[in-house]
Amino acid sequence: MRSPTFSLVSTALLLVGGAVASCHGKPAACQTLDASIVAHSGTPVGKEVKNGDVTLYITEPDKKNGRAKARSGAAVLYLTDVFGIALPENKLLADSFARAGYLTIAPDLFNGSPAPGDINVPGFNTTAFLAAHGPEVTDPIIASTIAYLRQKHGITHIAATGYCFGGRYSFRVLAPGGGVEVGFAAHPSLLEGGEITGIAGPVAIAAASNDALFGPAPRADAEAKLTAGSQKWQVNLYAGTQHGFGVRVDLSDPQQKYAKEEAFLQAVRWFDRFLVAE
Ligand SMILES: *[C@@H]1O[C@H](CO)[C@@H](O)[C@H](O)[C@H]1NC(C)=O
């Protein structure tokens, strides 16, 4: 049992500290997350539904989840890598955002035909695949998913989390009128300068130390553009990682597993910071 003295002291501390004081009396909403919330394997718990022609993977927080109560009007839009919602790790990571209290939706960006789990298999043409899934095809899928969140789920605040291919779209939906308030991108690919300077909300990036698609030069360029801009931003660089680590890692490598979990917690804490009034 805590002594009365300790309670008085801790209450005083809570009242003095700005951000901490706002959590006073709402411990469930402010519950600290730890890495055990990240599912690396197992069976996804969400379901697939159709919104017009687009398949959506939806995963909802447990109603008894204290963090979910404080996030009932908020959702996470999960924008996948080229492996899409067919990749179990994408569904499992979306489930992890739901366990963090956010209704989470991942649209099938590839209409049932994502890249094969190993893009180096003979016969798969990456150039042709990416050409067939440019912004003119992908933006409308994402826009319809945002409309679905608002209309079908009464969502008023949306965060976007994107990985590799999807990372670029975390920036695109942060443009004025894009419908998203805060973004996170892990190891984005094909990200263009105008998409970085065009954001109208805060963005955080998780970058891999070994990444041919978002290496030191594009990363420095992104940081320079974000620094010159007026939005809040954060770039975390994870040692011992490679492109894709936010979703799929070699689980036998403790450093990679750690980095994936930290990148997930980085996203959740960024969303909490800008999306949830606590
Ligand atoms: C891959 O697709 C591109 C664009 O459609 C095409 O120019 C190229 O020849 C293809 N490569 C192979 C090996 O088929």
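Refer to the structure printed above.
In short, a report on the structure. (Residues numbered from 1 in each chain as written. Predicted model: local features only at pLDDT ≥ 70, side-chain atom pairs only at ≥ 80, totals over all residues. Heavy atoms only, no water.)

Comments concerning helix α9 (residues 216-228)
Logical step 1: Taking 1.5 Å per residue, 13 residues should reach 18 Å; α9 reaches 18 Å between its end C-alpha atoms and fits that length.
Logical step 2: Burial in α9 covers these residues: Arg 219, Ala 222 and Leu 226. Mapping the buried residues of α9 onto a view down its axis gives an arc of 60 degrees, with all of them on the same face. Relative to its buried face, α9 has exposed residues pointing more than 90 degrees away, namely Pro 216, Ala 217, Thr 227 and Ala 228.
Logical step 3: Structurally, α9 contributes buried residues whose contacts are with α8 (193-197), β7 (203-210) and β8 (233-242). (Helix = DSSP H or I, 4+ residues; strand = E, 2+ residues; numbered from the N terminus. Expected span 1.5 Å × (residues − 1). Buried < 20%, exposed > 50% of the residue type's maximum accessible area, 1.4 Å probe, protein only. Arc of directions from axis to C-beta. Contact = heavy atoms within 4.5 Å.)

Some thoughts on the side chain of Thr 104
Logical step 1: For Thr 104, the location among the structural elements is in strand β4 (residues 103-107).
Logical step 2: Here Thr 104 falls in the buried class, since its relative accessible area comes to 0%.
Logical step 3: Within the local environment of Thr 104, its side chain forms a polar contact with the backbone oxygen of Tyr 102, the two atoms lying 2.8 Å apart.
Logical step 4: Residues contacting Thr 104, with those up to four places away along its chain left out, are Tyr 57, Ile 58, Thr 59, Val 76, Tyr 78, Ala 94, Phe 97 and Ala 98. (Polar contact = N/O pair within 3.5 Å; in protein donor to acceptor, adjacent residues only side chain to side chain.)

A word on the pattern of salt bridges
Logical step 1: According to the stated counting rule, one finds 10 salt bridges in the structure shown.
Logical step 2: Linking Lys 47 and Glu 60 is a salt bridge whose minimum nitrogen-to-oxygen distance equals 3.8 Å. Placement of the pair is Lys 47 in strand β1 (residues 47-51) and Glu 60 in the loop between β2 (54-59) and α3 (66-69), with a sequence separation of 13 residues.
Logical step 3: Asp 221 is the salt-bridge partner of Lys 225, the closest N and O atoms lying 2.9 Å from each other. Placement of the pair is Lys 225 and Asp 221 together in helix α9, with a separation of four residues, close to one helical turn. (Salt bridge = Lys/Arg side-chain N within 4 Å of Asp/Glu carboxyl O.)

Some details on unusual backbone geometry
Logical step 1: One non-glycine residue with positive phi stands out, namely Cys 164, at about 50 degrees.
Logical step 2: Summarising the element assignment, Cys 164 is placed in the loop between β5 (157-163) and α7 (165-172).
Logical step 3: Cys 164 gets classed as buried once you look at its relative accessible area, which sits at 9%.
Logical step 4: With a phi angle near 35 degrees, His 187 is a residue other than glycine that sits in the positive phi range.

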